Amino acid sequence: MTSLSPLHVERAGAVTVLTLNRPDVLNAFNEALTEALNAAIADCAADPSVRAVVITGAGRAFSAGQDLDDRLAMIEKGGELHLGDELRRRYHPAIAAIRGMRKPVVAAVNGVAAGAGLGLAIACDVRVAASSATFRAAWGRVGLVPDAGSAFFLPRLIGWGRALDMTLSGDPVPAEEALRIGLVTRVWPDAEFAAKWREYATALAEGATEAFALTKEGLAASMARGFDEFLEVEARLQDRAGGTADYARGVKAFAAKRRPEFEGR
Ligand code: T3D
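Residues numbered from 1 in each chain as written. Predicted model: local features only at pLDDT ≥ 70, side-chain atom pairs only at ≥ 80, totals over all residues. Heavy atoms only, no water.

**With respect to the overall build of the protein chain**
Here is step 1: Looking only at helices and strands, the protein chain has 11 helices and 10 strands in total.
Here is step 2: Since a compact globule built from 265 residues should have a radius of gyration of about 18 Å, the 19 Å found for the protein chain is in line with a globular shape.
Here is step 3: Its C-alpha atoms give the protein chain principal-axis dimensions of about 65 × 45 × 35 Å.
Here is step 4: Evaluated residue by residue, the protein chain yields a buried proportion of 45% over its 265 residues.
Here is step 5: Here the analysis covers contacts within the protein chain between residues at least 6 apart in sequence; of these, 67% occur between residues at least 24 apart.
Here is step 6: For the protein chain, the exposed surface amounts to about 13,600 Å²; the carbon and sulfur share of it is 57%.
Here is step 7: Side chains of the protein chain carry 31 positive and 33 negative charges; the gap between the two charge centres is 5 Å. (Helix = DSSP H or I, 4+ residues; strand = E, 2+ residues; numbered from the N terminus. Rg over C-alpha atoms; globule rule 2.2 N^0.38 Å. Buried < 20%, exposed > 50% of the residue type's maximum accessible area, 1.4 Å probe, protein only. Contact = heavy atoms within 4.5 Å. Areas by Shrake-Rupley, 256 points an atom, 1.4 Å probe, with all protein chains shown as cover. Lys, Arg positive; Asp, Glu negative; His and termini not counted. Charge placed at Lys NZ, Arg CZ, Asp CG, Glu CD.)

Pasting the structure below:
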């Protein structure tokens, strides 16, 4: 990737690909990158013609997290650090917008994902990884706590014990191990990786997008509700899904023994 922009935005049919593009520093997040990422995520959310989003990295990394050169500069200046404010301003909007996005968001983890880079990946709906990718809960090694939503998502994805092992040890988790413990759901060889995630995202973008939005809503609701209350949420979501034109398209296509052509609504 040669563009000077810290974030490369590419439209491929109904898929938007956001490529973190600071390869010299393993796509570490500086102010310009988080600003561009927040804006691009908001654009994807607002554009109904975008039906799937992929976040990936340029070069050999997905992202090494917060740019520590920027933090070193702040520390050496001697002022007070307010990292909570940094999270609220730069990271939380992106994570919240991904969770709330009414279309699938895929993290295509092409290389190392560390610190807030791991946080971004685990906030996405689906994680797919290149076989050489690694996952590092790097915070402890620089004296911080997991952030960018990581302490929320990590135990839900891999379980309490593994989340503590990963965050306390800081040891790298290779892609095959990540697959085994449920941190990612697909691993493809490096040489095929880009073609595979493009194929995967294209298939998602051809799906029943509104039903996918309601699916995300349902899964999120299940985390915060008891069983009886959840069943009522489920019934309401299915009411809405059953009212979409895509549902009628899906049923007609099934009856005609052909593939449905969903329009996303
Ligand atoms: O501050 C806030 O707003 C709060 C938010 C905090 C969230 C966080 O993300 S804190 C955690 C930050 N991330 C890390 O602690 C990871 C730091 N990086 C590493 O530990 C290693 O780079 C890796 C394990 C990820 C990869 O190691 P390796 O050996 O493959 O590569 P390398 O040689 O360490 O890195 C290559 C270059 O990228 C190098 O620059 P150079 O020497 O070629 O000029 C290195 O300094 C740079 N780089 C890597 N990570 C960062 C970075 N530069 C700035 N910030 C980084 N996070």
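This is not the end of the story, as more comes after the structure.
**So, the environment of Ser63**
Here is step 1: Within the fold, Ser63 resides in strand S4 (residues 61-63).
Here is step 2: Along the chain, Ser63 and Leu219 lie 156 residues apart, while their C-alpha atoms are 27 Å from each other.
Here is step 3: Within the structure, Ser63 has its side chain in polar contact with the backbone oxygen of Asn27 (distance 2.8 Å). (Polar contact = N/O pair within 3.5 Å; in protein donor to acceptor, adjacent residues only side chain to side chain.)

**Some points on the nonpolar core**
Here is step 1: If you look at the biggest cluster of nonpolar residues, it comprises 48 residues, and the most contacted ones within it are Ile55, Val109, Leu120, Phe135, Met166 and Leu183.
Here is step 2: Element by element, the count of residues in this core is highest for helix H4 (residues 116-123), at six residues.
Here is step 3: Excluding its chain neighbours within four sequence positions, the residues that come into contact with Leu120 are Leu20, Phe29, Leu37, Ile55, Phe62, Ile95 and Ile98. (Core = buried A, V, L, I, M, F, W, Y, C linked by side-chain atoms within 4.5 Å.)

**Side note on the site of the ligand**
Here is step 1: Taken together, 24 residues sit near the ligand, with Ala64, Gln66, Leu68, Arg71 and Ala116 positioned nearest.
Here is step 2: Measuring from an oxygen atom of the ligand, one finds a backbone N or O atom of Gln66 at 2.9 Å.
Here is step 3: At 2.8 Å, a backbone N or O of Ala116 approaches an oxygen atom of the ligand.
Here is step 4: Compared with its free state, where it exposes 1,100 Å², the ligand has 67% of that area covered by protein.
Here is step 5: Only helix H2 (68-77) and helix H3 (83-100) provide two or more residues apiece to the shell around the ligand. (Near = heavy atom within 4 Å.)

**Focus on the pairing of strand S7 (residues 126-130)**
Here is step 1: Burial analysis of S7 places five of its five residues in the buried class, which makes it a mostly covered element.
Here is step 2: Here S7 shows two buried faces, one formed by Val126, Val128 and Ala130 and the other by Arg127 and Ala129.
Here is step 3: In this sheet, S7 lies alongside strand S5 (residues 105-109) in parallel orientation, the contact comprising four bridges. Across the sheet, residue Ala107 finds its bridge partner in S7, namely Arg127.
Here is step 4: Pairing analysis gives three bridges linking S7 to strand S10 (residues 186-188), with the strands arranged parallel. (Pairing = 2+ DSSP bridges.)

**Remarks on helix H9 (residues 209-223)**
Here is step 1: With 15 residues, H9 should cover 21 Å at 1.5 Å per step; its first-to-last C-alpha distance of 22 Å lies within 8% of that length.
Here is step 2: Within H9 the residues assigned to the buried category are Thr209, Ala213, Leu214, Lys216, Gly218 and Ala221.
Here is step 3: On its buried face, H9 is in contact with H3, S5, helix H8 (190-205), helix H10 (227-242) and helix H11 (245-255). (Expected span 1.5 Å × (residues − 1).)

**Focus: the pattern of salt bridges**
Here is step 1: Summed over the entire model, instances satisfying the criterion amount to 22 salt bridges.
Here is step 2: Close ionic contact of Arg90 with Glu31 constitutes a salt bridge, the shortest N to O distance being 3.8 Å. With Arg90 in helix H3 and Glu31 in helix H1 (residues 31-46), the pair connects residues that are 59 residues apart, well separated along the chain.
Here is step 3: The partner of Glu86 in a salt bridge is Arg71, and the shortest N-O contact between them spans 3.3 Å. You can see Glu86 sitting in helix H3 and its partner Arg71 sitting in helix H2, a full 15 residues away along the chain. The burial state of Glu86 is the same as that of Arg71; both residues are buried. (Salt bridge = Lys/Arg side-chain N within 4 Å of Asp/Glu carboxyl O.)

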